[in-house]
Every structure is written in C-alpha cells, then in structure tokens.
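# Residue-level structure breakdown
Residue strings, one per chain:
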Amino acid sequence: MAHIALPEFEEMSPAIQEKARPILEKTGKLGEIFKLLALDEKIYFATDGMIQRFLLDETTLSYDIKESIALLISKENGCKMCVDVHKSIAKMLGLSEQRIEEVLEGVDAISTSDAEKALLNFCIKASKKENYKILKEEIDALKALGYTDVQIVEAVAITGYFNYINTLSNVFALGQ
C-alpha cells in the first residue's frame, strides 16, 4: 500500500485522463507509478516525455541495452516494482526470457559482447552516490570500444531516469 493517497482516474486532470484512457482500455488498470505521477500534471508530462524518448522511441542504443539498463539499475536500487514492470516491457520490446534472466543475474551472466558489458557496468557505477568519481579515462575507454558520445550520454540519461523513478517508487512504497 502506497504511503500517500493515489488518485483514481476520475480525479486526474483531463489531459492526464486522455493519456490514461488507452492504458485503462487495454489493461483494465493503471499502475501505481502512473497514479503517483498523475498527482501533478507537470511532473507527469515531464516524466512521460523522458520515458517516451529514452526507452520507447528508437534511439542510438538498442532496446536490449536500454531495457538491460532499466532492469540492472532497478535491481541495484531495490525497486521490485520497477523490475517487474520492466521484465514485462522488455518482453514486449522483444527481449527473450533468457536475456531477461541473465540481466537479472548481473552483468557477468549476460551473453553479450565485452563492449556491452563495459557499458552496462559503467551505468551501474554512474547510478551510485559516488558517480562524481568517474574519470574521463573511463568514458574514453567506452569510446575505444566503439560507443559514441551520444550513446554514452543516452546510457547515462537512462541510468539517471531509473534512479529518479526508482526513488519515487521506493520512497512512496509503490507496488508493496
């Protein structure tokens, strides 16, 4: 049970109801994170824009990598709700059950290239409190593995997004 009262569909602003209606029609329910964000239209639309552009739109990173970041960071942050939600989203975006299970076991368990493992480990480090200690050499090492500046920034932006959404979920005890 969430630590604060979450609005039901009827209590949401008309603009948010417009976004919620297709979800309700398709799934029959709205997730707690949706309801939490719906408390404030500005927060809702800012967050919705991030998820659309970072995760759901085609970008310079593959859906495999983006969802791997989502799962890894959510697991690192102890956000069970986010892990469960992103297991479903990962499947919807084409990740195999095997890939999802490997990711949840940790970077070393993933059957992928050393370059991808390096990027995923970098994201985990970037998600930590002491991310200010990341050195230019670590970014240069990712570039030497073939990642562009845009891909590295995108990976860190996704990492930051999951620190944000995991914090909201954990602080307000969503999905518990």
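Before reading on, note that the structure itself is shown above.
Before going into details, it helps to say that this report is about the structure given with it.

Rules used in this analysis
- Residues numbered from 1 in each chain as written.
- Predicted model: local features only at pLDDT ≥ 70, side-chain atom pairs only at ≥ 80, totals over all residues.
- Heavy atoms only, no water.
- Axes fitted to C-alpha atoms, helices over the stretch in contact; angles between N-to-C directions.
- Helix = DSSP H or I, 4+ residues; strand = E, 2+ residues; numbered from the N terminus.
- Parallel < 35°, antiparallel > 145°, perpendicular 65-115°, else oblique.
- Left-handed = near helix turned anticlockwise from the far one by under 90°.
- Contact = heavy atoms within 4.5 Å.
- Nonpolar A, V, L, I, M, F, W, Y, C, P; charged D, E, K, R; others polar.
- Expected span 1.5 Å × (residues − 1).
- Buried < 20%, exposed > 50% of the residue type's maximum accessible area, 1.4 Å probe, protein only.
- Phe/Tyr/Trp six-rings, centres within 6.5 Å; stacked < 30°, edge-to-face > 60°.
- 1 Å grid on protein atoms, 1.4 Å probe; cavity = no way out; pocket = protein on both sides within 12 Å on 5 of 7 lines; lining within 4 Å.
- Points joined across faces, edges and corners; volume = space filled by probe spheres on them.
- Lys, Arg positive; Asp, Glu negative; His and termini not counted.
- Salt bridge = Lys/Arg side-chain N within 4 Å of Asp/Glu carboxyl O.
- Polar contact = N/O pair within 3.5 Å; in protein donor to acceptor, adjacent residues only side chain to side chain.

This part is about the packing of helix α4 (residues 63-76) against helix α6 (residues 97-105). Between α4 and α6, the shortest axis-to-axis distance is 9 Å and the interhelical angle comes to 40°. With respect to α6, the axis of α4 lies oblique. For the element pair α4 and α6, the recorded crossing hand is right-handed. Two secondary-structure elements touch here, α4 through D64, I65, S68, L71, L72 and K75 and α6 through R99, I100, V103, L104 and E105. Split into classes, the residues belonging to the contact of α4 with α6 amount to six nonpolar, one polar and four charged.

Our next topic: α4. Taking 1.5 Å of rise per residue, 14 residues should cover 20 Å, and α4 covers 20 Å from first to last C-alpha, within 8% of that figure. When we look at burial in α4, the residues that qualify are I65, K66, E67, S68, I69, A70, L71, L72, I73 and S74. Summarising the contacts, the buried residues of α4 are in contact with α3 (41-56), α5 (80-92), α6, α7 (114-126) and α9 (149-171). The first or second residue beyond α4 is G78, which carries a positive phi of 70°.

So, about the packing of aromatic side chains. The description of two aromatic rings rests on the distance between their centres and on the angle between their planes. Applying the stated criterion to the full structure yields five aromatic pairs. With a centroid separation of 4.9 Å and 90° between ring planes, the pair formed by Y44 and F45 is classed as edge-to-face. By relative accessible area, which is 5% here, Y44 ends up buried. By relative accessible area, which is 32% here, F45 ends up partly exposed.

Another aspect to go through is the environment of A15. Looking at the element boundaries, A15 is found in helix α1 (residues 14-27). Between the C-alpha atom of A15 and that of K133, which follows or precedes it by 118 residues, the distance is 41 Å. If near-sequence neighbours (up to four positions away) are discounted, A15 is found in contact with E41 and F45.

With that out of the way, let us pick up the layout of surface pockets. In this structure, the largest pocket occupies an estimated 1,200 Å³ of space. Around the largest pocket, the lining is made up of 31 residues, and of these I23, G31, I33, V85 and I89 lie nearest the centre. The element contributing the most residues to the lining of the largest pocket is α5, with eight residues.

Mapping E102 onto the fold places it in helix α6. The side chain of E102 sits in the buried core without any salt bridge; R99 is the nearest counter-charge, 5.6 Å away. A polar contact of 2.9 Å, which involves the side chain of E102, links it to the backbone nitrogen of S111. The residues contacting E102, other than those within four sequence positions of it, are A109, I110 and S111.

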